[in-house]
Amino acid sequence: MIPYVFRKQIKLFCLFFACCFLILTIFLFFLQIINGNHYRQQAQKLQIRTLTQQAARGKITDRYGTVLADNKTIYQVLFFPSEADRAQWNNSLVSALMLMRSVNVPCTVSFPIEKQGQRYCFSQDADAVSRLLETCKLPSDATAFEALQVLMKKYDAQQIPEEISLSLLAVRYQLNLQSYRSYLPLCLGESEDFTLCARISEFAPAGIHIQPRYLRHYPYQSTLCHTLGYIGKISGEQAENYLQNGYDLSSDLIGKSGIEQMMEPFLCAKKGQKQLSVNSRGLSTSSSALAEAQDGETVVLTIDLALQQAAEAALNETMAKIRSGAMGDAFPNAQIGAAVCLDVHSGEVLALASAPGFDPNVFTKSISNTQWQALSPSYLTASGQIDSDPTLPRPLVNNAVCAAFPPGSVFKPITAAAALGAGCVTPQETILDQGRYTAFSQTQAPGCWTWNESHTTHGYVNLHDSLEGSCNYYFYEVGVRTGSEKLEEIAEKFGLGAKTGLGLPGEAAGMVDGQKTAARLVQKRVAAQLNTLGYTVDQDTLFSALSAVLQAPSLSKTRDSLSPLGIRAEDIPSIYQTINDNRWRESRVLAAAIGQGADSTTPLQMANAIAAITQAGLRYQPTLILSLPDSKGKTEPTVVSRAFMEQTDVHAILQGMQAVTQPGGTAAKYFADCAVSVAGKTGTAQSEGRDAYAWFVAAAPAENPSIAIAVVIGQGGHGGYAAPVAKAIIEAYFQPGAGASLPLDGQQLP
């Protein structure tokens, strides 16, 4: 019989055991029944791995199919450790490394030990060295040679040929770090030469495979660089957007500028995915494809490569001649320029040149700080401030699209169109050039350029004569007759003062000098002044108040309009002074009429405006895209402004512009031997503190234009100096078998 004391202890033990069993049962219930699905999914994740398969970025071609951007195939030598027994690793790796060495392909696997002469040394990566010594179980003061001896023994590499021993140890060490991710391949090296592929395929070491990798390639280097753009890594501010679209922030490259950025959704490749099942050692046991990789789409541009090359060559050659004085007066600061050629019947951009340029291939690999500074230089003034002078060379800036310059006399055809359309002058009416235009001031009267240079005048001139000789006095008079409001309206109809909609990132809008522009300037400067004085005023409220003042500026009107906004009485006189100094005065129409006021235009805008003049005001949206994969052929032209000019006015303007390139015209000597008739206009745009901009615009053939051209050279000195660039483009376009054979859609002038 069991004593009472022991019976009690047994009962307590049984009760304790029952509680433990109950707790275990409850735990197992929650583990397998309540949370079973969750842990089942976690276990499956540990058994399944997903590998990404790369595809090629889409090609970019010119209108005739010439490839402008494609991909180089780089052949990677990959070792798949899961496809070979561990005992075979060294044999496979030695074979692969020896084959690589035979065709001069280096091993690219990182390793914290390197050979310098006859000595082995640690690399500069302290963390990597520390990790290696920890793996080798060596003290921190151990030498690189001691670490090598440990690794040689550990990986049974004592009999490995010396010339590849370091590479083999690097690979084995990296595989050791990879540990349970042995289903992942390790890249031993890569080459553009297919010879390595052939050698590897011939010997077929276990676990060694060749896999292509795609490297963006621009076969014509700097040609069309600003339009094509370049690719690069995803920046921090872009990360969220691209992450949502399935991009890998660590490895994917995206378009950073130009067509590469604009057409990113079409050009980007669709990655494939391959699912692997792995065992407890991380070795692959089976695989299945989840999604096939798809190459990016091909984008066909409107660009004519031959025409583009002619434009760039002529632009760079002409700028060099201007700097050296080979064309006459030397202008050593002529370092930037641009040229644009459009099809007047569709708005298609046939050539888009900007100088200086760059080679976008440099962005396909890591770029050094020195290279970046050369491509995107910072300039400082004598006082140490950032110099924003647009005529300083900045290779990454697209001067044809993203920079706006004062147009000077190439604006005069637009003034002529406004005056003729308003009935303020006829093509036949003559106006006497009196040298100085004194209608607004006797003391500060502007003069025609001939008066300013030699105190001579053009005499009596009509529209034809005024365009031929670029008579400022004539355009002062017709500008006054037309009025600033009408001039501003017509300039905007021709697309000035607004982005063209080309689509390239960073396009400049430019500016049309007039009452609306002056009002915006007043608002901006008054807002800045109020901010300095400590006021916080809603912009819309301020603009409404200033609009009332600008209708009839006076101190009392300013006080009545601004006092309700909480502006103190003592501050109003200084604000009125700002308004009065910057408000529009009708005398400013004189400068606006000859493109010298606050006007600024991009070469693209000016080429499009000239194209619109040839089509009686019918203006197309410029485009660089000829066709897309989903457009089922050629994209249709987009009309943004209907014709509004009389045909007689169009012919009068084109005839006057044609005289510019004929004997007696301001550009006659540059077109003396040109086989094509050209309607042109020179422009010498003054810019304070700099040499003048050289402009030339053209349409050809003059009688029935097919193309329109705009050329600008920063600090080029004289408008005529830009004419040879336009001539080279025209000759390249109209040479037999070239761009002149392009089909012309749309109505042509009779």
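This text follows the structure it describes.
Please read these numbers as outputs of a predicted model, since none were measured by experiment.

(A) Structural context of the overall build of the chain. What the chain contains, in helices and strands, is 26 helices and 23 strands. For the chain, the proportion of its 750 residues judged to be buried stands at 48%. Put simply, the chain shows about 36,100 Å² of open surface, and 51% of that area lies on carbon and sulfur atoms.

(B) How the structure looks around the layout of surface pockets. The calculated volume of the second largest pocket comes to roughly 610 Å³. For the second largest pocket, the lining is made up of 27 residues, of which W449, E453, T684, H718 and G719 are closest to its centre. Breaking the lining of the second largest pocket down by element, the ones donating at least two residues are α15 (449-454), α17 (472-482) and β21 (679-687). With five residues, β21 is the single largest residue contributor to the lining of the second largest pocket. Taken together, the residues of the lining of the second largest pocket break down into seven nonpolar, 17 polar and three charged.

(C) Looking closely at unusual backbone geometry. For the bond from A355 to P356, the omega torsion is 0°, close enough to zero to count as cis. Cis geometry is adopted by the peptide bond preceding P701, which originates at A700 and carries an omega value of -10°. Tracing the backbone shows P701 in the loop between β22 (690-700) and β23 (707-713). The residue A616 is not glycine, and still its phi comes out positive at about 60°. Examined against the element boundaries, A616 turns out to sit in the loop between α24 (603-614) and β17 (619-620).

(D) Structural detail: the nonpolar core. Among the nonpolar cores identified, the biggest contains 89 residues, and L301, L352, Y474, F494 and I653 are the most heavily contacted of them. A700, I709, I729 and Y733 belong to the second largest nonpolar core, which has 39 residues in total.

(E) Representation of the environment of R213 in the model. By secondary structure assignment, the location of R213 is in strand β7 (residues 208-217). For R213, a relative accessible area of 29% corresponds to the partly exposed category. Sequence-wise, R213 and Q54 are 159 residues apart; in three dimensions their C-alpha atoms are separated by 7.4 Å. A distance of 2.8 Å separates polar atoms of two side chains, one belonging to R213 and the other to E190.

(F) Representation of empty space enclosed by the protein. What the rule picks out here adds up to one cavity of 30 Å³ or more. Taken together, S222, L224, C225, H226, T227, Q308, E312, L352, A353 and S354 make up the lining of the largest cavity. Secondary structure elements with two or more residues in the lining of the largest cavity: α8 (225-228), α12 (305-324) and β14 (349-355). The class makeup of the residues in the lining of the largest cavity is four nonpolar, five polar and one charged.

(G) Representation of the pattern of salt bridges in the model. All told, the structure shown has 17 salt bridges when counted by the stated rule. A salt bridge links K72 to E192; the shortest N-O distance between them is 3.6 Å. Placement of the pair is K72 in strand β3 (residues 67-79) and E192 in the loop between β6 (186-191) and α7 (195-203), with a sequence separation of 120 residues. The exposure class of K72 is partly exposed, given its relative accessible area of 28%. When the shortest N-O distance is used, the salt bridge between E492 and K516 registers 2.9 Å. Placement of the pair is E492 in helix α18 (residues 484-493) and K516 in helix α19 (residues 515-532), with a sequence separation of 24 residues. Owing to a relative accessible area of 42%, K516 belongs among the partly exposed residues under this scheme. Here the salt bridges share partners, and the residues they tie into one network are R57, R216, E260 and E264.

(H) Expanded view of the packing of helix α4 (residues 126-136) against helix α5 (residues 144-154). α5 packs onto α4 with a crossing angle of 50° between their chain directions and a minimal axis gap of 10 Å. The orientation of α4 relative to α5 falls into the category oblique. Here the hand of the crossing between α4 and α5 comes out left-handed. Within the contact between the two elements, α4 uses L132, T135 and C136 and α5 uses A147, V150, L151 and K154.

(I) Seen up close, the sheet that holds β23. Taken together, five strands build an open sheet; the order of strands is β14-β13-β23-β22-β21 and the sheet is antiparallel. Each having just a single partner strand, β14 and β21 make up the two edges of the open sheet. The sheet shows a mean angle of 10° between the axes of neighbouring strands, taken without regard to direction. Where β22 and β23 come together, seven bridges link them in antiparallel fashion. Directly across from A700, in β23, lies its bridge partner I707. Along the sheet, α12 contacts β13 (337-343), β14 and β23; its crossing angle with β14, the most-contacted strand, is approximately 30°.

(J) Molecular detail of the packing of aromatic side chains. One pass over the structure, following the stated rule, counts 15 aromatic pairs. Seen from their ring centres, F79 and W89 are 6.0 Å apart, and the 90° between their planes marks the pair as edge-to-face. Note that F79 is positioned in strand β3 and W89 in helix α3 (residues 89-102), a separation of ten residues in sequence. Grouping aromatic residues by their ring pairs yields a cluster made of Y230, F358, F363 and W372. When the ring centre of F644 is taken as reference, the NZ or CZ atom of K493 above it lies at 4.6 Å.

(K) View of α19. Over its 18 residues, α19 extends 26 Å from the first C-alpha to the last, a length consistent with the 26 Å expected when each residue adds 1.5 Å. Residues of α19 that are buried include every one of T517, A518, A519, V522, Q523, V526, A527, Q529 and L530, and no others. Buried positions along α19 lie against α18, α20 (539-551) and α22 (572-582). G534 occupies a position one or two residues after α19 and carries a positive phi of about 95°.

(L) Region of interest: the pairing of β3. With ten of 13 residues buried, β3 lies mostly within the body of the structure. Looking at chain direction, strand β2 (residues 60-61) and β3 are connected through two bridges and run antiparallel. Its bridge partner lying in β3, T61 is registered against V67. Between β2 and β3, which pair antiparallel one after the other, the connecting turn spans five residues, and G65 there sits at a positive phi close to 95°. Relative to β7, β3 runs antiparallel, the two sharing ten bridges. Each residue of the ladder has a partner; that of Y75, found in β7, is P212. Here β3 runs beside β6; their pairing, made up of five bridges, is antiparallel. Considered in β6, the bridge of Q76 is made with E190.

(M) A nonpolar patch on the surface, seen in detail. Residues F13, F17 and F21 make up a contiguous nonpolar surface patch of about 390 Å² in total accessible area. Following the sequence through the fold, F21 ends up in helix α1 (residues 4-34). The class of F21 is exposed, set by a relative accessible area of 53%.

(N) Local environment of the pairing of β13. Of all seven residues in β13, seven are buried, a share of seventy percent or more. Residues G337, A339, C341 and D343 point to one face of β13 and A338, V340 and L342 to the other, with burial holding for every one of them. Sheet topology note: the β13/β14 ladder contains six bridges and is antiparallel. When the bridges of β14 are listed, C341 appears paired with A351.

What counts and how
Residues numbered from 1 in each chain as written. Predicted model: local features only at pLDDT ≥ 70, side-chain atom pairs only at ≥ 80, totals over all residues. Heavy atoms only, no water. Helix = DSSP H or I, 4+ residues; strand = E, 2+ residues; numbered from the N terminus. Buried < 20%, exposed > 50% of the residue type's maximum accessible area, 1.4 Å probe, protein only. Areas by Shrake-Rupley, 256 points an atom, 1.4 Å probe, with all protein chains shown as cover. 1 Å grid on protein atoms, 1.4 Å probe; cavity = no way out; pocket = protein on both sides within 12 Å on 5 of 7 lines; lining within 4 Å. Points joined across faces, edges and corners; volume = space filled by probe spheres on them. Nonpolar A, V, L, I, M, F, W, Y, C, P; charged D, E, K, R; others polar. Core = buried A, V, L, I, M, F, W, Y, C linked by side-chain atoms within 4.5 Å. Polar contact = N/O pair within 3.5 Å; in protein donor to acceptor, adjacent residues only side chain to side chain. Salt bridge = Lys/Arg side-chain N within 4 Å of Asp/Glu carboxyl O. Axes fitted to C-alpha atoms, helices over the stretch in contact; angles between N-to-C directions. Parallel < 35°, antiparallel > 145°, perpendicular 65-115°, else oblique. Left-handed = near helix turned anticlockwise from the far one by under 90°. Contact = heavy atoms within 4.5 Å. Pairing = 2+ DSSP bridges. Phe/Tyr/Trp six-rings, centres within 6.5 Å; stacked < 30°, edge-to-face > 60°. Lys NZ or Arg CZ within 6 Å of the ring centre and 35° of its normal. Expected span 1.5 Å × (residues − 1). Patch = residues over 30% accessible without salt bridge, like charges linked within 9 Å, V, L, I, M, F, W, Y side chains within 5 Å.

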